[in-house]
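# Fold and contact review
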Amino acid sequence: MTRRKLTKGMQAALARTQAVHQDIQDLQRARVPVQYLEVGQLRPSPFQARLDFTDLEGLTDDIRTNGILQPLVARSTADGYELIAGERRWRAARRAGLSEVPVMLREATDEQARLYSLKENLERQDLNAFEVASVALALTALSLDQTQETVRARLTVRGPVDPEVEQALAEALSVLGKDLTRLSFTKHYLPLLNLPPALKDAIRRGASFNAVRVLRRATPQQQAEWLPRIETGEWGVRDVEAALQGAASSAAPAGESNLSSETRRVLRLASPRRIQQLDDRAQKELQRLLQRVETLLSQATP
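Residues numbered from 1 in each chain as written. Predicted model: local features only at pLDDT ≥ 70, side-chain atom pairs only at ≥ 80, totals over all residues. Heavy atoms only, no water.

## Considering the sheet that holds strand β2 (residues 42-43)
Strand order in the open sheet formed by five strands is β1-β5-β3-β4-β2, with mixed pairing between adjacent strands. In the strand order of this sheet, the two ends are held by β1 (35-38) and β2, each with one partner. Note: β2 against strand β4 (residues 80-85), two bridges, orientation parallel. When the bridges of β4 are listed, Leu42 appears paired with Tyr81. (Pairing = 2+ DSSP bridges. Helix = DSSP H or I, 4+ residues; strand = E, 2+ residues; numbered from the N terminus.)

## Description of the nonpolar core
Grouped together as the largest cluster of nonpolar side chains are 64 residues, with contacts concentrated most on Leu139, Leu155, Phe185, Leu215, Ile230 and Val240. Considering every element that reaches this core, the biggest residue donor is helix α5 (residues 129-144), with 12 residues. Counting residues in each nonpolar core, the second largest holds 14 residues, with Leu42, Leu72, Ala74 and Trp90 among its members. (Core = buried A, V, L, I, M, F, W, Y, C linked by side-chain atoms within 4.5 Å. Buried < 20%, exposed > 50% of the residue type's maximum accessible area, 1.4 Å probe, protein only.)

## Topic: the confidence of the model for the protein
Residues at a pLDDT of 70 or more form 89% of the protein, whose mean pLDDT is 86. Per-element averaging of pLDDT across the protein places helix α13 (residues 261-269) at the bottom with 64 and strand β5 (residues 100-105) at the top with 95. (pLDDT = per-residue confidence, 0-100.)

## Remarks on the environment of Arg29
Relative to the helices and strands, Arg29 is located in helix α1 (residues 8-29). On the basis of relative accessibility, which here comes to 57%, the residue Arg29 falls in the exposed class. Along the backbone, Arg29 and Pro71 are 42 residues apart, and their C-alpha atoms lie at a distance of 10.0 Å.

## Brief notes about unusual backbone geometry
Phi is positive for Asp145, which is not a glycine, with a value near 55 degrees. Along the chain, Asp145 turns up in the loop between α5 and α6 (148-155). A relative accessible area of 66% places Asp145 in the exposed class.

## Description of α5
Think of an α-helix as turning once every 3.6 residues; residues three or four places apart then point the same way. A rise of 1.5 Å per residue sets the reference length of α5, with its 16 residues, at 22 Å; its end C-alpha atoms lie 23 Å apart and thus fit the reference within 8%. The buried count for α5 comes to 16 of 16 residues, which makes it a mostly enclosed element. The backbone nitrogen of Phe130 has a side-chain oxygen 3.1 Å away, supplied by the residue at the start of α5, namely Asn128. Positive backbone phi, at 55 degrees, marks Asp145, one or two positions downstream of α5. (Expected span 1.5 Å × (residues − 1). Polar contact = N/O pair within 3.5 Å; in protein donor to acceptor, adjacent residues only side chain to side chain.)

## Quick look at the packing of aromatic side chains
For the structure shown, the criterion picks out two aromatic pairs. An angle of 15 degrees between the planes, with centres 6.1 Å apart, marks the rings of Phe185 and Tyr189 as stacked. Linking Phe185 with Tyr189, this pair stays in helix α8 (residues 182-189), spanning four residues, or about one helical turn. Positioned above the aromatic ring of Phe53 is the side chain of Arg50, whose terminal nitrogen or guanidinium carbon lies 5.4 Å from the ring centre. Sitting over the ring of Phe53, Arg91 keeps its end group 4.4 Å from the ring centre. (Phe/Tyr/Trp six-rings, centres within 6.5 Å; stacked < 30°, edge-to-face > 60°. Lys NZ or Arg CZ within 6 Å of the ring centre and 35° of its normal.)

## A few points about the pairing of β4
Across five bridges, the pairing between strand β3 (residues 72-77) and β4 is antiparallel. Note on β4: the bridge partner recorded for Val73 is Ala85. Counting the residues in the hairpin turn of β3 and β4 gives two residues.

## A word on the side chain of Glu87
Relative to the helices and strands, Glu87 resides in helix α3 (residues 87-96). Note on Glu87: relative accessible area 8%, which makes it buried. The contacts of Glu87, once residues within four sequence positions are left out, are Pro44, Ser45, Gln48 and Phe53. (Contact = heavy atoms within 4.5 Å.)

Given below as structure tokens:
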């Protein structure tokens, strides 16, 4: 996507993330006291958008052999010590069996911790769909100086979207290098932020992101039953989709089980809410198709 000239709001937002990031980097290069804390004393940042920590094998082996060469950065909170920088090293250290890790403590507000995490994720090239949604929303909110909840509501409002927030989102996606429209972002990406905590935790433990993303369509009971199979690697995306289709077929009303999968899918999609969301052109096309279906059915023997 061609990088457009950014508005002052977006430029200021990126400058704020860069300033906090630079401050942390300066701290890591400075000769400041390093404390050794038990691995269990630290917890991840609540502002971390990253869910997928499955690529830690090489780092784990290196830490097991050489230890942690660059100390982690954390802050002290009312609930203990919270990571600001170094979550991958912390997770790899746990896998490597280390009992203690080197940590540099610094004072930091929630805002500073959030900005640092945002900057870290802006520099990554391997963001998955959940992380794209989280980072783009956070950057859009920062550029508009509004809460993420407010921006999300403005993006998903029925009817025309405020050009200001639409432009801010476009800029955020441009910074991430994502060629997405607002409609595509709000339809396919934003809903991922509503993943149940159990599914988010499974991804953090190494479960396939894509398989878990499909699993969100399942009932809570099905999620509890199928999630362990995804975590062990027994099930992938196709297995989850097949299980969902099988469950839908077994739950179909009498007589509906003989229908084709395409017919069942159309019947499930044909809700008043979905139809109302169609634009005028699409509704006219749907009306034409329904009239054709009515004609065909009227020719069938009762």
